[in-house]
Every structure is written in C-alpha cells, then in structure tokens.
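# Close look at the chain arrangement
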Amino acid sequence: MADDNGGGGGSTGVIAVLVIFIIVVVLAVFAWKGGLFGGRATKINVNVAAPQPAQSQPAPRSSP
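Below is a summary of the structure that appears in this document.

What counts, and at which threshold
- Counting starts from 1 at the beginning of each chain's written sequence and moves along it residue by residue.
- Since the coordinates come from a predicted model, pLDDT governs what is reported: local features require at least 70, and pairs of side-chain atoms require 80 or more to be given and counted, while whole-chain, interface and lining totals use all residues.
- Hydrogen atoms and water are omitted, and side-chain values are computed over all heavy atoms in the structure.
- Under the scheme used here, helices are H or I runs from DSSP no shorter than 4 residues and strands are E runs no shorter than 2 residues, and both carry numbers assigned from the N terminus.
- Buried, partly exposed and exposed residues are distinguished by accessible area as a fraction of the type maximum, computed with a 1.4 Å probe on protein chains only: under 20%, between the cut-offs, and over 50%, respectively.
- Here the Shrake-Rupley method, with its probe set to 1.4 Å, supplies the accessible areas, and only the displayed protein chains count as covering residues.
- Patch definition: residues with relative accessible area over 30% and no salt bridge; like charges joined within 9 Å; nonpolar side chains (Val, Leu, Ile, Met, Phe, Trp, Tyr) joined within 5 Å.
- What counts as a salt bridge is simple: a side-chain nitrogen of Lys or Arg found within 4 Å of a carboxyl oxygen of Asp or Glu.

### Things to note about the overall build of the protein
Broken down by element type, the protein carries 1 helix and 0 strands. Burial analysis of the protein (64 residues in total) assigns 3% to the buried set. Looking at the protein as shown, the accessible area adds up to about 6,500 Å², and 64% of this sits on carbon and sulfur atoms.

See the structure below:
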C-alpha cells in the first residue's frame, strides 16, 4: 500500500506554486503601473497632419 499522509500531497504542492506565481505576477503588474519599472514614462506622440490638396482651387469669380 502507498503511504498516504493526508492525501493529495503532490497536487497541493502544484497548486501552491501556481498561487505564488499568480501573486507575483499581480504584484509585478501593479508595480509596473505604479511607475516602479517606468510604466508611467511611456508617452506616445502621434503627429497627424491633413494632407495638402493635389491641385489648388481657382479663386471664385464675382458676378458682374
């Protein structure tokens, strides 16, 4: 017979490792968002200019 010390010993270790990993990831995300690793220093500068018309429009004529 196998020695059973409270049952599920192997799966308990795997679950503990997964829970610790998730906690570390969540704390790292909060630290990054808080600016500890430069999360707030990201700036995106998008300079969008309207294209110039291909041909210039003639000046409107005044009626006599």
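### Topic: a nonpolar patch on the surface
Taken together, the side chains of Phe21, Ile22, Val25, Val26, Val29 and Phe30 define a hydrophobic patch exposed on the protein surface, amounting to about 590 Å² of accessible area. Its location among the elements puts Val25 in helix H1 (residues 9-33).

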